Amino acid sequence: MSLGVPLETALWSMYGRTQVREFSFLAVTLGLQAQTGGNLAETLDNLVDMVRRRVALVGKAKALSGEARMSCAILGALPFVAGGLLTVSNPSYVGELFTDPRGVNLLFTLVVLLSLGMLSLRWLLQRATED
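The present account deals with the structure reproduced in this document.

Reading guide: rules and limits
Residues numbered from 1 in each chain as written. Predicted model: local features only at pLDDT ≥ 70, side-chain atom pairs only at ≥ 80, totals over all residues. Heavy atoms only, no water. Helix = DSSP H or I, 4+ residues; strand = E, 2+ residues; numbered from the N terminus. Rg over C-alpha atoms; globule rule 2.2 N^0.38 Å. Contact = heavy atoms within 4.5 Å. Patch = residues over 30% accessible without salt bridge, like charges linked within 9 Å, V, L, I, M, F, W, Y side chains within 5 Å. Areas by Shrake-Rupley, 256 points an atom, 1.4 Å probe, with all protein chains shown as cover. Salt bridge = Lys/Arg side-chain N within 4 Å of Asp/Glu carboxyl O. Expected span 1.5 Å × (residues − 1). Bend = angle between axes of the 7 residues up to and from the residue. Buried < 20%, exposed > 50% of the residue type's maximum accessible area, 1.4 Å probe, protein only. Axes fitted to C-alpha atoms, helices over the stretch in contact; angles between N-to-C directions. Parallel < 35°, antiparallel > 145°, perpendicular 65-115°, else oblique. Nonpolar A, V, L, I, M, F, W, Y, C, P; charged D, E, K, R; others polar.

**Remarks on the overall build of the protein chain**
Moving on, step 1. Each helix and strand in the protein chain was counted, giving five helices and zero strands.
Moving on, step 2. Its helices and strands taken in sequence order, the protein chain reads α-α-α-α-α from the N to the C terminus.
Moving on, step 3. Relative to the globule expectation of 14 Å for 131 residues, the C-alpha radius of gyration of the protein chain, 27 Å, shows a markedly less compact shape.
Moving on, step 4. Taking the principal axes of the C-alpha coordinates as reference, the protein chain spans close to 80 × 25 × 20 Å.
Moving on, step 5. Looking at the protein chain alone, contacts between residues at least 24 apart form 36% of all its contacts between residues at least 6 apart.

See the structure below:
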């Protein structure tokens, strides 16, 4: 303020540089309080409560997305684990997949479908955890 820039403008420019949403909340809150007056301590207390709830919600979202990422990894590894177990128990049964042309086509289809499934799960996770 001693440099001639209003506080609200300084906070908005800080938000523009850092892209931290809490600075935009603070700029709006202080701008409204400066225009309307009132109890600054109560206004800032309400802002603190809102920011705390928001941070807690982000933490919950990260925990839930971690659970979904782990489920995605398990679902991606499951066909390979099952194939490995089948190879150990009956090698000739799985060997047909690599020698028969129909088996090679089936393996190729499996890889394509598994890749599409993993990409769609990743896309869904990214969309669900966007800020």
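**Here we look at a nonpolar patch on the surface**
Moving on, step 1. Together, Phe108, Val112, Leu113 and Leu116 give the surface a local cluster of nonpolar side chains, amounting to about 410 Å² of exposed area.
Moving on, step 2. Tracing the backbone through its elements, the reader meets Val112 in helix α5 (residues 101-128).

**Brief notes about the pattern of salt bridges**
Moving on, step 1. Counted according to the given criterion, the structure contains one salt bridge.
Moving on, step 2. Across the pair Arg102 and Asp100 runs a salt bridge whose closest N-O atoms are separated by 3.1 Å.

**Regarding helix α3 (residues 40-89)**
Moving on, step 1. For α3, which comprises 50 residues, the first-to-last C-alpha distance of 73 Å matches the rise-based estimate of 74 Å (1.5 Å per residue) to within 8%.
Moving on, step 2. The largest bend in α3 amounts to roughly 35° and is located at Leu78, with the proline Pro79 lying one to four residues further along.
Moving on, step 3. Burial in α3 covers these residues: Leu47, Arg54, Ser65, Cys72 and Gly76.
Moving on, step 4. For α3, the secondary structure elements touched by its buried residues are α2 (21-36) and α5.

**Section: the packing of helix α4 (residues 91-99) against α5**
The geometry of a pair of packed helices is captured by two quantities: the angle between their axes and the separation between those axes.
Moving on, step 1. α5 packs onto α4 with a crossing angle of 85° between their chain directions and a minimal axis gap of 5 Å. Judged on the interaxial angle alone, α5 and α4 are roughly perpendicular. Residue-level inspection shows Glu96, Leu97, Phe98 and Thr99 of α4 in contact with α5, the latter providing Pro101, Gly103, Val104, Leu106 and Leu107.
Moving on, step 2. Classifying every residue of the contact of α4 with α5 gives six nonpolar, two polar and one charged.

**Observations regarding the environment of Gly66**
Moving on, step 1. Mapped onto the elements, Gly66 comes out in helix α3.
Moving on, step 2. Residues Gly66 and Gly37, spaced 29 residues apart in sequence, show a C-alpha to C-alpha distance of 44 Å.

Distances and angles like these do not, on their own, reveal function.
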